[in-house]
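Architecture and fold: a report
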Amino acid sequence: MHDDALVNHDFHCPYCDASLTFVIDTSQGSHATWEDCHQCCAPIQLEIVVSPMTGELEAVLTGRDDDVF
């Protein structure tokens, strides 16, 4: 893992609307994961989209645990 592959991503919790920042490792490529909200502890789905050509973060989709991506 290289430090240049780490990207800070700011968003709001889909449950309590708390402002959150997660560090995303773009060297993992596109993937899905779950993180807990630091405020309300609810599980948040994250769909990480990384360009296969450039390795840059293209999008982060966030949703509640029961949302379907």
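Residues numbered from 1 in each chain as written. Predicted model: local features only at pLDDT ≥ 70, side-chain atom pairs only at ≥ 80, totals over all residues. Heavy atoms only, no water.

Quick look at the nonpolar core
Note the threshold: Note on terminology: a nonpolar core comprises buried Ala, Val, Leu, Ile, Met, Phe, Trp, Tyr and Cys residues joined through side-chain atoms within 4.5 Å. For every residue, the accessible area obtained with a 1.4 Å probe (protein chains only) is divided by the maximum for its type, and the residue is called buried under 20%, exposed over 50%, and partly exposed between those limits. Note on conventions: DSSP H or I runs of at least 4 residues are helices, E runs of at least 2 residues are strands, and numbering of each starts at the N terminus.
Grouped together as the largest cluster of nonpolar side chains are 12 residues: Phe11, Cys13, Ala18, Leu20, Phe22, Ile24, Cys37, Ile44, Leu46, Ile48, Val50 and Val60. Elements that contribute at least two residues to this core include exactly strand E2 (19–25) and strand E4 (43–50).

Concerning unusual backbone geometry
The backbone of Asp17 shows a phi angle near 70°, a positive value even though the residue is not glycine. On the accessibility criterion, Asp17 (51% relative accessible area) is exposed. The phi dihedral of Cys41 falls on the positive side, at around 70°, and the residue is not glycine. Looking at the element boundaries, Cys41 is found in the loop between strand E3 (31–36) and E4.

Some points on the packing of aromatic side chains
Put simply, the test is: In this scheme Phe, Tyr and Trp rings, the latter by its six-membered ring, pair at centre separations within 6.5 Å, and the angle between planes marks the pair as stacked below 30 degrees, edge-to-face above 60, and tilted otherwise.
If you walk through the whole model with that rule in mind, you get 1 aromatic pair. A ring pair is formed by Phe11 and Phe22, whose centres lie 5.3 Å apart and whose planes are at 35°; its orientation type is tilted. Taken together, the residues Phe11 in strand E1 (residues 6–12) and Phe22 in strand E2 connect sequence positions 11 residues apart. Look at Phe11 and you get buried, because its relative accessible area is 9%.

Thoughts on the sheet that holds E3
Quick note on the threshold: One requirement defines pairing of two strands: DSSP has to find at least two bridges between them. Axis definition: a line fitted to C-alpha atoms, limited for helices to the stretch in contact. Angles are taken between N-to-C directions and run from 0 to 180 degrees.
Pairing in this open sheet of 3 strands is antiparallel, and the strands run E3-E4-E5 from one edge to the other. At either end of the open sheet lies a strand with only one pairing partner, and these are E3 and strand E5 (57–64). Across the sheet, the axes of successive neighbouring strands diverge by a mean angle of 25°, strand direction being ignored. Pairing of E3 with E4 involves 6 bridges; the strand directions are antiparallel. Paired with Trp34 across the strands is Gln45, a residue of E4.

A few points about the pairing of E4
Along any regular strand, the residues point their side chains to alternate faces of the sheet. Counting the residues in the hairpin turn of E3 and E4 gives 6 residues, including Cys41, whose phi is positive at 70°. Inspection of the sheet shows E4 paired to E5 by 7 bridges, in the antiparallel sense. Opposite Glu47, over in E5, you have Leu61 as the bridge partner. The hairpin turn running from E4 into E5, its antiparallel successor, is 6 residues long, and Gly55 in that turn takes a positive phi close to 80°.

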